[in-house]
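So you can see what is in the structure, the chains are spelled out below.
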Amino acid sequence: MRSIATFLCITMLAAFTFCGCSDSDRYIAVTGFAQGGTYSVKMNLKGVHKAPEQIRESIDSILTLIDTTLSGYNKSSMLSRFNAGQDIVPNKLFIDIYDYCADMYEKTGTALDVASGPLFDIWGFGFKGEAFPTEEEVQSTLGVCGMKRLSKRMEDAIENGSLSPISLVKDGSEVLPRLNYNAVAQGYSCDMVADYLHSLGVHDMLVDIGEIYCEGVNPSGQGWTIGVDRPVDGNDELGADLDGIWQSDGRGLGIVTSGNYRKFHIVDGKKYAHTVDPRTGYPVQHSLLSATIVAPTAADADALATYCMVIGLDEAKAFISAHEELEGYLIYDEDGQMREWASDGFNVITSKK
């Protein structure tokens, strides 16, 4: 879920030159539409011998490939056809993201499960928007979905280049798998664009496709600054009400915030968060309002921010603290007051406390 705002002007031009910190710097921004919203990529073309328009076209091509492969909203995408029970010829992206998510399933102790799409659907936060489920519906859905039923590696289920959905199932069930990559696709997209820019020799960049990957410095020669939105109901405009500002240190990092304050239902006076715990089948009920994760890749940051929102405050603190490659900023409710916890290396340059 997008809950961060970049502290740079966003131009709607295909390419625009910023003032750089030296005569040889050549910062540009390219923007466009992707994944139901807009994207913005800011980069320093110092030493890069490729025209900005060509770079924009290549970025658009990457994002089109992702849409036609992984989008659950594009009914003709590879994912949509697979979820509909059709045999497909999977491309490398389709295989790689499945294998990545299978690894994340194990790393998170089954709390991040991209094969739990039917659970998201019955709670009304998936692609169908159905009514709230009964206890019987939750339990029956839990029994026929999840990575526990599927092969750990997609390659093992491919035969003669073709993948049949039922061939991925290893538990003997005839219920076809349904996948949902919402918890990782935008971060994964950022990493793919960043990999492309690395191939051109770009070292200073900020890739914003709903989630963020940044590296190097901004046009002022400083680390990129990212605002963390204050997780209060009604804060629907990115950057309008910030809880804190994080600044990068030049390393290539993904930064993603996940939270429950923009997507929820209220039924009979009770608030149901959009984060569903795939282990229990129910929306989470805890004090954590939002989790911002900084990780070596945007895909990791995206996946682990969602994971933290599943496990709650105490477990999230312990998980972040136990992994030196991660930093985190957790905002939670304590007796009706909003509180913040930051890991030692999370560089907050301002904070609303």
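Fair warning: this is a prediction, and the values are worked out from it, not measured in the lab.

1. Description of the overall build of the protein chain
- Along its length, the protein chain carries 8 helices and 19 strands.
- Per-residue burial over the protein chain gives 54% buried out of 353 residues.
- For the protein chain, contacts bridging at least 24 residues in sequence account for 62% of all contacts bridging at least 6.
- Accessible surface, the protein chain: about 15100 Å² in total, of which carbon and sulfur atoms supply 50%.

2. Observations regarding the environment of threonine 38
- Mapped onto the elements, threonine 38 comes out in strand 4 (residues 37–44).
- On a C-alpha basis, the gap between threonine 38 and isoleucine 209 in space is 7.0 Å, while along the polypeptide they are 171 residues apart.

3. Overview of the pairing of strand 11 (residues 253–259)
- Counted residue by residue, strand 11 has 7 buried out of 7 residues, so it is predominantly covered.
- Alternating positions in strand 11 separate into two faces, Leu253, Ile255, Thr257 and Gly259 on one and Gly254, Val256 and Ser258 on the other, with burial throughout.
- Where strand 8 (residues 212–215) and strand 11 come together, 3 bridges link them in antiparallel fashion. Of the residues in strand 11, the one forming a bridge with tyrosine 213 is glycine 254.

4. Overview of the nonpolar core
- Counting residues in each nonpolar core, the largest one holds 79 residues, and the members touching the most others are Met43, Ile59, Tyr181 and Leu197.
- With 14 residues, the next largest nonpolar core counts Leu206, Val228, Ile255 and Val294 among its residues.

5. Topic: the environment of alanine 303
- Its location among the elements puts alanine 303 in helix 7 (residues 298–311).
- Separated by 195 residues in sequence, alanine 303 and threonine 108 place their C-alpha atoms 9.5 Å apart.
- Non-local contacts of alanine 303, meaning those with residues more than four positions away in its chain, are made with Tyr100, Met104, Leu112, Ala183 and Val184.

6. Structural notes on the pairing of strand 4
- Counted residue by residue, strand 4 has 6 buried out of 8 residues, so it is predominantly covered.
- Hairpin connection, strand 3 (residues 27–34) to strand 4: the antiparallel pair is bridged by 2 residues, and glutamine 35 has positive phi, about 55°.
- Bridge count for strand 4 against strand 7 (residues 205–208) is 4 bridges, and the pairing is antiparallel. Each bridged residue has a counterpart across the sheet, and for valine 41 the counterpart in strand 7 is valine 207.

7. So, the packing of aromatic side chains
- This model, assessed by the stated rule, comprises 7 aromatic pairs.
- Ring geometry for tyrosine 307 and phenylalanine 319: centres 4.9 Å apart, planes at 75°, overall edge-to-face. Taken together, the residues tyrosine 307 in helix 7 and phenylalanine 319 in helix 8 (residues 313–322) connect sequence positions 12 residues apart. Here tyrosine 307 matches phenylalanine 319 in class, with each residue buried.
- Members of the aromatic cluster, each reached through a chain of ring pairs, are Trp123, Phe132 and Tyr282.

8. Looking at the side chain of threonine 69
- As for its position among the elements, threonine 69 is in helix 1 (residues 52–70).
- Threonine 69 sits in the buried class, given a relative accessible area of 1%.
- Excluding anything up to four places from it in sequence, threonine 69 contacts Ser77, Met78, Leu79, Asn91, Leu93 and Phe94.

9. Some thoughts on the environment of aspartate 204
- With respect to the helices and strands, the residue aspartate 204 is situated in the loop between helix 6 (185–200) and strand 7.
- Judged by relative accessible area, aspartate 204 falls into the buried class, the value being 15%.
- Separated by 19 residues in the primary sequence, aspartate 204 and glycine 223 have C-alpha atoms spaced 9.6 Å apart.
- With residues up to four places along the chain from it excluded, the contact list for aspartate 204 reads Tyr27, Lys42, Met43, Asn44, Glu215, Gly216, Val217 and Trp224.
- A distance of 3.0 Å separates a polar atom in the side chain of aspartate 204 from a polar atom in the side chain of asparagine 44.
- A polar contact of 3.1 Å, which involves the side chain of aspartate 204, links it to the backbone nitrogen of valine 217.

10. As for the confidence of the model for the protein chain
- When pLDDT is averaged along the protein chain, the result is 88, and 84% of the positions lie at 70 or above.
- When the criterion is pLDDT under 50, residues 5–16 qualifies, and its contacts beyond four places in sequence or with other chains add up to 39 contacts.

About the thresholds
Residues numbered from 1 in each chain as written. Predicted model: local features only at pLDDT ≥ 70, side-chain atom pairs only at ≥ 80, totals over all residues. Heavy atoms only, no water. Helix = DSSP H or I, 4+ residues; strand = E, 2+ residues; numbered from the N terminus. Buried < 20%, exposed > 50% of the residue type's maximum accessible area, 1.4 Å probe, protein only. Contact = heavy atoms within 4.5 Å. Areas by Shrake-Rupley, 256 points an atom, 1.4 Å probe, with all protein chains shown as cover. Pairing = 2+ DSSP bridges. Core = buried A, V, L, I, M, F, W, Y, C linked by side-chain atoms within 4.5 Å. Phe/Tyr/Trp six-rings, centres within 6.5 Å; stacked < 30°, edge-to-face > 60°. Polar contact = N/O pair within 3.5 Å; in protein donor to acceptor, adjacent residues only side chain to side chain. pLDDT = per-residue confidence, 0-100.

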